[in-house]
Amino acid sequence: MGKVQNQSTKHDPVIQEIPLACADETAAVEFLEKQRWGDHPACPHCGDTSVYQMTDSKTGERQANFRWRCHGCKSQYTVRKGTVFEDSRIPLRHWCYGFWRASTSKKGVSALEIHRHTGVSYKSALFMLHRIRFAMSDSSPGNLSGDIEVDETYVGGKPRYKGQSKPGRGTKKQAVMAMVERKGRVRTKVIANVTAKTLAKEIRKSIDPKASRLLTDENPGYRAIGKRFGRGHGAVRHKGKEYVRGDIHSNTVEGFFSIVKRGLNGIYHAVSKEHLHRYLSEYEFRYNHRELSDGERTLAAIKAADGKRLLYKGT
Ligand SMILES: [Zn+2]
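As the structure is a computational prediction, the values presented were derived from the model and not from experiment.

Chemist: Explain the nonpolar core to me, and be specific about the residues and the numbers.
Modeler: Formed by 42 residues in total, the largest nonpolar core has its most connected members in Phe31, Trp95 and Phe99. Secondary-structure elements contributing two or more residues to this core are α1 (13-21), α2 (25-37), β2 (68-70), α3 (92-104), α4 (111-118), α5 (122-136) and α10 (294-304). Per-element accounting of this core gives the leading share, seven residues, to α5. Setting aside residues up to four positions removed in sequence, Phe99 forms contacts with Val84, Phe85, Ile132, Ala135, Thr298, Ala301, Ile302 and Ala305. Within the second largest apolar cluster, 18 residues are counted, among which are Leu264, Val271, Leu276 and Tyr287.

Chemist: Describe the packing of α4 against α5, with residues and values.
Modeler: Interhelical geometry of α4 versus α5 gives an angle of 120 degrees and a closest axis separation of 8 Å. For the element pair α4 / α5, the angle class is oblique. Between α4 and α5 lies a crossing of right-handed hand. Within the contact between the two elements, α4 uses Ala111, Leu112, Ile114 and His115 and α5 uses Tyr122, Ala125, Leu126, Met128 and Leu129. In terms of residue class, the contact of α4 with α5 is built from eight nonpolar, one polar and no charged.

Chemist: So, the sheet that holds β2: which residues are in play, and what are the values?
Modeler: Taken in spatial order, the three strands of this open sheet run β1-β2-β3, and their pairing is antiparallel. One side of each edge strand has no neighbouring strand; the edge strands of this open sheet are β1 (51-53) and β3 (76-77). The pairing of β2 with β3 spans two bridges and is classified as antiparallel. Bridging across to β3, Trp68 finds its partner in Tyr77.

Chemist: Got a sec to walk through the side chain of Arg213? Specific residues and values, please.
Modeler: Structurally, Arg213 is set in strand β7 (residues 213-216). A distance of 3.0 Å separates polar atoms of two side chains, one belonging to Arg213 and the other to Asp147. In contact with Arg213, other than residues within four places in its own chain, are Gly146, Asp147, Ile148, Arg182, Phe229, Arg231, Gly232, Asp247 and Ile248.

Chemist: Report on the coordination of the zinc ion, specifying residues and quantitative values.
Modeler: In an ideal tetrahedron of four donors about a metal, each angle is 109.5 degrees. In an ideal octahedron of six donors, the angles are 90 or 180 degrees. Each protein donor to the zinc ion is listed here as Cys43 (SG), Cys46 (SG), Cys70 (SG) and Cys73 (SG); together their distances run 2.3 Å. Here the zinc ion binds four donor atoms, and the angle range of 104 to 112 degrees at the metal identifies the geometry as tetrahedral. In the primary sequence, the donor residues of the zinc ion line up as C-x2-C-x23-C-x2-C. The class of Cys73 is partly exposed, set by a relative accessible area of 33%.

Chemist: Give me the lowdown on the pattern of salt bridges, citing residues and values where you can.
Modeler: Under the defined criterion, the tally for this structure stands at 15 salt bridges. Note that Arg185 and Glu181 form a salt bridge whose closest N and O atoms lie 2.9 Å from each other. The structure contains a network of salt bridges with shared partners spanning Asp147, Arg213, Arg231 and Asp247.

Chemist: How would you summarise the sheet that holds strand β5 (residues 174-181) if you had to cite specific residues and measurements?
Modeler: Spatial strand order, β6-β5-β4-β7-β8: five strands in an open sheet with mixed pairing. The sheet is open, and its two edges are formed by β6 (186-190) and β8 (233-235), each paired on a single side. Across the sheet, the mean angle from the axis of one strand to that of its neighbour is 20 degrees, orientation sign disregarded. One ladder, built from three bridges, connects strand β4 (residues 147-155) with β7; its direction is parallel. Paired with Asp147 across the bridge in β7 is Arg213. Packed onto the sheet, helix α6 (residues 196-206) meets β4, β5, β6 and β7 and runs at close to 35 degrees relative to β5. Together, β4, β5 and β6 form the strand contacts of helix α8 (residues 251-266), whose direction differs from that of β4 by roughly 30 degrees.

Chemist: Outline the packing of aromatic side chains, listing residues and values.
Modeler: Two aromatic rings are characterised by how far apart their centres lie and by the angle between their planes. A complete count under the given rule lists eight aromatic pairs for this structure. Taken together, a centroid distance of 5.1 Å and an interplanar angle of 65 degrees make the contact between Phe85 and Trp95 edge-to-face. Residue Phe85 is located in the loop between β3 and α3, and its partner Trp95 is located in helix α3; the two are separated by 10 residues in the primary sequence. There is no split in this pair, since Phe85 and Trp95 are both buried. On the basis of an interplanar angle of 45 degrees and a centroid distance of 6.3 Å, the ring pair of Phe256 and Phe257 is categorised as tilted.

What counts and what doesn't
Residues numbered from 1 in each chain as written. Predicted model: local features only at pLDDT ≥ 70, side-chain atom pairs only at ≥ 80, totals over all residues. Heavy atoms only, no water. Core = buried A, V, L, I, M, F, W, Y, C linked by side-chain atoms within 4.5 Å. Buried < 20%, exposed > 50% of the residue type's maximum accessible area, 1.4 Å probe, protein only. Helix = DSSP H or I, 4+ residues; strand = E, 2+ residues; numbered from the N terminus. Contact = heavy atoms within 4.5 Å. Axes fitted to C-alpha atoms, helices over the stretch in contact; angles between N-to-C directions. Parallel < 35°, antiparallel > 145°, perpendicular 65-115°, else oblique. Left-handed = near helix turned anticlockwise from the far one by under 90°. Nonpolar A, V, L, I, M, F, W, Y, C, P; charged D, E, K, R; others polar. Pairing = 2+ DSSP bridges. Polar contact = N/O pair within 3.5 Å; in protein donor to acceptor, adjacent residues only side chain to side chain. Donors = N, O, S within 2.8 Å, 3.2 Å for Na, K, Ca; no water. Tetrahedral: all angles 85-135°; square planar, octahedral: opposite > 155°, others 65-115°. Salt bridge = Lys/Arg side-chain N within 4 Å of Asp/Glu carboxyl O. Phe/Tyr/Trp six-rings, centres within 6.5 Å; stacked < 30°, edge-to-face > 60°.

So far we have only geometry, and geometry alone does not tell us how the molecule works.
Here it is as structure tokens:
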């Protein structure tokens, strides 16, 4: 795992603004507008920068629905346009709260908690968190390279009982694979099975083998694909109680899985198979942004929401 997060928030202006944005709708709108457009608001339809905030004709104050109007194309819009918030009526202050909590809670945040803290319905909270997870999903991941630890595990379903001989196989648990660059990024995949063929297929899709070394446990499923790695394949034998040999180990990927499992078991009691990849995106996002402060990580998630609306397929 990355270093322990113990950074001071004193010099993190964002983390000081976020609580206010979570409590007040005007503050939330202005916060999101600033994050999205900075000092140069532009029309999301035509890109024209000749835009203005619409005002109430009686009071002269900004309109209660926070609309903007574009001189160029005459369209009206709000900061929601073109983001994962677009077709939702949930107040933006609750979206800010959801992004903040999902970006900073190590094990994740449950819809029940968001429901209790904000007052939005449980269903709305669930909807919002799914969208936030979608925003967090990596839309243009490049190949991993270097020292890559790869492992697979089973998550979800009921807890395993003592004496159950085959964890995962034949139960409601779902197989998941993770590939972690040492000191770098993680990538997860929900997989149908853990055969050598499936593992190799996913590895080929995500890793540049020429420049990399594969690090795994003794699972024979990695042997054939391991031979294609330019810098070799190191495997430790867990069954022989060998966990580390020199720098050959899979502790990083196992550490990642243990956070995922503690989160899924403790926070998300019943994650369906169809949604599992979204939950994994959330863990992946926090891991891949672990060096950022809480405020910077929250902003990175909010920025990632921009332009994602059209891609969302509702799962
Ligand atoms: Zn325009």
